[in-house]
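Residue-level structural notes
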Amino acid sequence: EDQVTQSPEALRLQEGESSSLNCSYTVSGLRGLFWYRQDPGKGPEFLFTLYSAGEEKEKERLKATLTKKESFLHITAPKPEDSATYLCAVQDRDSNSGYALNFGKGTSLLVTP
Amino acid sequence: DTGVSQDPRHKITKRGQNVTFRCDPISEHNRLYWYRQTLGQGPEFLTYFQNEAQLEKSRLLSDRFSAERPKGSFSTLEIQRTEQGDSAMYLCASSPTRDGRSSYNEQFFGPGTRLTVL
């Protein structure tokens with residue numbers, strides 16, 4: 001069965017203090033790995049899709065990387081507005097739900113001034 | 001705003017009542033998904049449509065749940081005889097199908113409908 005594990009569950013950073021969030025996954029055949037940001041009471045906001053090991057994508061202070069077993073979301077010099085829950089999800093092309101996103105529980109990030 | 005919209009945003013109901021939620025996907029997105037999210041958890045897949053055809057259903061979708069997408073446009077999710085365990089955020093997402101890369105698509109989520117069953 002597909003599994004997605006995110007760590008840490010919660011992370012508190014000072015403004016400007018860079019760090020990384022981890023997403024470990026187990027799938028039969030990776031169709032895609034997705035990162036989303038979710039603010040309280042709102043729907044997830046799409047950030048990145050990664051398709052194959054070695055791929056990297058960047059957007060402002062965020063950079064996502066992918067290996068065969070895990071993905072990292074690097075946050076460089078975060079600002080308080082980066083505070084949110086970051087969700088990782090995978091699509092497994094070999095599963096019955098080939099297009100469903102299988103999410104982890106998320107990492108709750110708090111950036112203090 | 002051309003994003004995914006959901007209605008209502010909040011619904012409070014009593015146990016045993018039926019509720020129906022609506023989702024309007026991004027225009028021309030032919031795939032539509034329903035997810036459920038409880039506090040502290042990631043969204044869980046419920047069901048998926050390609051145009052008007054319901055192609056996948058999770059085992060989470062009990063016989064009290066039914067979803068439709070008439071004419072391949074908006075979708076509705078109905079829960080009959082609601083239970084307290086149905087309290088959750090119900091999220092709708094849509095995605096396009098791209099020629100040659102139909103498997104590689106981003107899902108764009110709506111704001112969700114928060115259901116509280118008393």
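One can find the structure itself at the top, above this paragraph.
We now turn to the structure provided with this report. Fair warning: this is a prediction, and the values are worked out from it, not measured in the lab.

Thoughts on the pattern of salt bridges
Summed over all chains, the structure comprises seven salt bridges over all chains. With a shortest N-O distance of 3.3 Å, A:Lys63 and A:Glu56 are connected by a salt bridge. B:Asp24 serves as the salt-bridge partner of B:Arg22, at 2.7 Å between the closest nitrogen and oxygen.

Brief notes about the sheet that holds strand 1 (residues 5–7) of chain B
Sheet strands associate in pairs through backbone hydrogen bonding, adopting either a parallel or an antiparallel arrangement. Residue and element names in this part refer to chain B. Taking strand neighbours across the sheet as the criterion, the four strands line up as 1-3-8-7 in an open arrangement whose pairing is antiparallel. Strand pairing shows two members of the sheet lacking a second neighbour, strand 1 and strand 7 (65–68), which therefore form its edges. Across this sheet, the average inter-strand angle for adjacent strands is 15 degrees, counted without regard to direction. In this structure, strand 3 (residues 19–24) lies alongside strand 8 (residues 75–79), joined through five bridges in antiparallel fashion. Looking across to strand 8, one finds that Thr20 is bridged to Glu78.

Regarding the state of the cysteines
Every disulfide links exactly two cysteines, by a covalent bond between their sulfur atoms. Under the criterion given, the structure shown has two disulfides over all chains. A disulfide bridge connects A:Cys23 with A:Cys88, and the sulfur atoms are separated by 2.0 Å. Here A:Cys23 and A:Cys88 share a disulfide; its torsion about the S-S bond, -65 degrees, makes the bridge left-handed. Here A:Cys23 is found in strand 3 (residues 19–26), whereas its partner A:Cys88 is found in strand 9 (residues 84–92), with 65 residues between them in sequence. As far as burial versus exposure is concerned, A:Cys23 and A:Cys88 are alike and both buried. Shown here is the disulfide that connects B:Cys23 with B:Cys92, its sulfur atoms set 1.9 Å apart. Negative torsions about the S-S bond denote left-handed disulfides, and the value of about -65 degrees found for B:Cys23 with B:Cys92 makes this one left-handed. Placement of the pair is B:Cys23 in strand 3 and B:Cys92 in strand 9 (residues 88–95), with a sequence separation of 69 residues. Comparing B:Cys23 with B:Cys92, the two get one shared label, buried.

Re the layout of surface pockets
Put simply, the largest pocket is a space of about 1400 Å³. What lines the largest pocket is a set of 46 residues, among which A:Asn102, A:Phe103, B:Gly42, B:Pro43 and B:Glu44 lie closest to the centre. Where the lining of the largest pocket is concerned, the elements lending two or more residues are strand 1 (3–7), strand 9, strand 10 (102–103) and strand 11 (107–112) of chain A together with strand 5 (44–50) of chain B. Per-element tally for the lining of the largest pocket: the top contributor is strand 9 of chain A, with five residues. Looking at side-chain class alone, the lining of the largest pocket contains 15 nonpolar, 20 polar and eleven charged residues.

Remarks on the interface of chain A and chain B
Taken together, the 23 residues of chain A in the interface contact 26 residues of chain B. Of the roughly 1900 Å² buried between chain A and chain B on both sides combined, carbon and sulfur atoms contribute 52%. It is A:Tyr51, A:Tyr99 and A:Lys105 that lose the most area in chain A upon contact with chain B, and together they represent 31% of the buried surface on that side. Joining chain A to chain B, the criterion identifies zero salt bridges. Our count for the contact surface shared by chain A and chain B stands at five residue pairs in polar contact (both at pLDDT 80 or more). Those elements that provide at least two residues to the side of chain A that touches chain B are strand 4 (30–38), strand 5 (45–50) and strand 9 of chain A. The leading source of residues in the side of chain A that touches chain B is strand 4 of chain A, at four residues. Tallied by class, the residues present in the side of chain A that touches chain B amount to ten nonpolar, nine polar and four charged.

About the cut-offs
Residues numbered from 1 in each chain as written. Chains lettered and ligands numbered in written order. Predicted model: local features only at pLDDT ≥ 70, side-chain atom pairs only at ≥ 80, totals over all residues. Heavy atoms only, no water. Salt bridge = Lys/Arg side-chain N within 4 Å of Asp/Glu carboxyl O. Pairing = 2+ DSSP bridges. Helix = DSSP H or I, 4+ residues; strand = E, 2+ residues; numbered from the N terminus. Axes fitted to C-alpha atoms, helices over the stretch in contact; angles between N-to-C directions. Disulfide = S-S within 2.5 Å. Buried < 20%, exposed > 50% of the residue type's maximum accessible area, 1.4 Å probe, protein only. 1 Å grid on protein atoms, 1.4 Å probe; cavity = no way out; pocket = protein on both sides within 12 Å on 5 of 7 lines; lining within 4 Å. Points joined across faces, edges and corners; volume = space filled by probe spheres on them. Nonpolar A, V, L, I, M, F, W, Y, C, P; charged D, E, K, R; others polar. Contact = heavy atoms within 4.5 Å. Buried area = accessible area lost by both parts, 1.4 Å probe. Polar contact = N/O pair within 3.5 Å; in protein donor to acceptor, adjacent residues only side chain to side chain.

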